Amino acid sequence: MKTEILQNATQLFLNQGFKSVTMDDIAAHMGISKKTIYANYAHKTELVHAVGFEILNNVQCGVQNLLTEHMNPIEELYEIKKYVMQHLQGEKTSSIQQLIKYYPKIFEELRAIQYDFMRGCMEKNITRGIEQGLFRKNLEVEFISRMYQVGITNIKDESIFPTEKFPHAVLYEMYLEYHLRGIVTPEGRKILNQLIHSNQD
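For clarity, every value in this text was computed on a predicted model and none was experimentally measured.

Rules of the game
Residues numbered from 1 in each chain as written. Predicted model: local features only at pLDDT ≥ 70, side-chain atom pairs only at ≥ 80, totals over all residues. Heavy atoms only, no water. Phe/Tyr/Trp six-rings, centres within 6.5 Å; stacked < 30°, edge-to-face > 60°. Buried < 20%, exposed > 50% of the residue type's maximum accessible area, 1.4 Å probe, protein only. Lys NZ or Arg CZ within 6 Å of the ring centre and 35° of its normal. UniProt positions renumbered as here; feature names shortened; annotations may be inferred. Helix = DSSP H or I, 4+ residues; strand = E, 2+ residues; numbered from the N terminus. Contact = heavy atoms within 4.5 Å. Salt bridge = Lys/Arg side-chain N within 4 Å of Asp/Glu carboxyl O. Expected span 1.5 Å × (residues − 1). Arc of directions from axis to C-beta.

A few words now on the packing of aromatic side chains. Per the counting criterion, the structure on display carries four aromatic pairs. Considering the side-chain rings of F161 and F166, the 5.2 Å spacing of their centres and the 90 degrees angle between planes classify their relative orientation as edge-to-face. Under the relative-accessibility criterion, F161 is labelled partly exposed at 25%. Given the relative accessible area of 22%, F166 is considered partly exposed. In textbook terms, an aromatic cluster arises when at least three aromatic residues are bridged by ring pairs, as seen for Y148, Y175 and Y178. Taking NZ or CZ as reference, K2 lies 5.0 Å from the ring centre of Y41, over its face.

Turning our attention to the UniProt feature "domain: HTH tetR-type" (unreviewed entry) in the protein. As recorded in UniProt, the sites labelled "domain: HTH tetR-type" (unreviewed entry) are residues 1-59. Secondary structure across residues 1-59 divides into 78% helix and 0% strand, with the first and last C-alpha atoms of the span separated by 23 Å.

Turning our eyes to something else, we now look at the side chain of N72. Within the secondary structure, N72 sits in the loop between α4 (44-67) and α5 (73-89). Those residues in contact with N72 that sit more than four places away from it in its chain are R128, Q132, L134 and I191.

Looking now at unusual backbone geometry. Of note in this structure, H70 is not a glycine but carries a positive phi near 55 degrees. When you line up the elements, H70 lands in the loop between α4 and α5.

Below, the discussion takes up the pattern of salt bridges. Scanning all chains against the criterion turns up nine salt bridges. Between E79 and K82 there is a salt bridge, and its shortest N-O distance comes to 3.3 Å. Residue E79 and its partner K82 are both found in helix α5; the two are separated by three residues, about one turn of the helix.

This part covers helix α10 (residues 186-200). Look at α10: 21 Å from first C-alpha to last across 15 residues, which is about the 21 Å you get at 1.5 Å a residue. When α10 is considered as a whole, its buried residues turn out to be G188, I191, L192, L195 and I196. Seen end-on, α10 carries its buried residues on one side only, within an arc spanning 135 degrees. Opposite its buried face, α10 presents the exposed residues P186, K190, Q194 and Q200, each directed more than 90 degrees away.

Quick look at the structure:
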């Protein structure tokens, strides 16, 4: 029952918002009593916390699966971007905004975990790229990884990149190319140009 509540709450929170959906809404949606929900989750904040970690875990598992497919580091970054974009398309921005506004501690905890996870992925990616001769040898791996994270975090800021002028899919594509062009070798640039060309077809 706990898993069923988690799955249904995740769907409702993402579609309607973390603040908007009440425990009554979840109970009505599932056709169970509110008491049953409280028997598994003591209060709504506990359920929001569980849902946040469920979403994060799903994204991380998806990314980890991509990392086992033995692509070159440039292809790998494009596949991760594609996966994350597809995953986030189903999530309304308003829902995430509600999580930030009404559950800031949970959001900050999730963001810190995600940041560490993605930084680790990026450092491995950059190191492999250097080893394979696709990224420049003189790169400071941790610096590049942190700069990438700073950029990927800040391009989500609507006051800097308004969605009507910079749609998310286009913005992430532009940012990834911007990142890679600064670190690739001539050999890496060939692969990058091929990927960009194939994405435009």
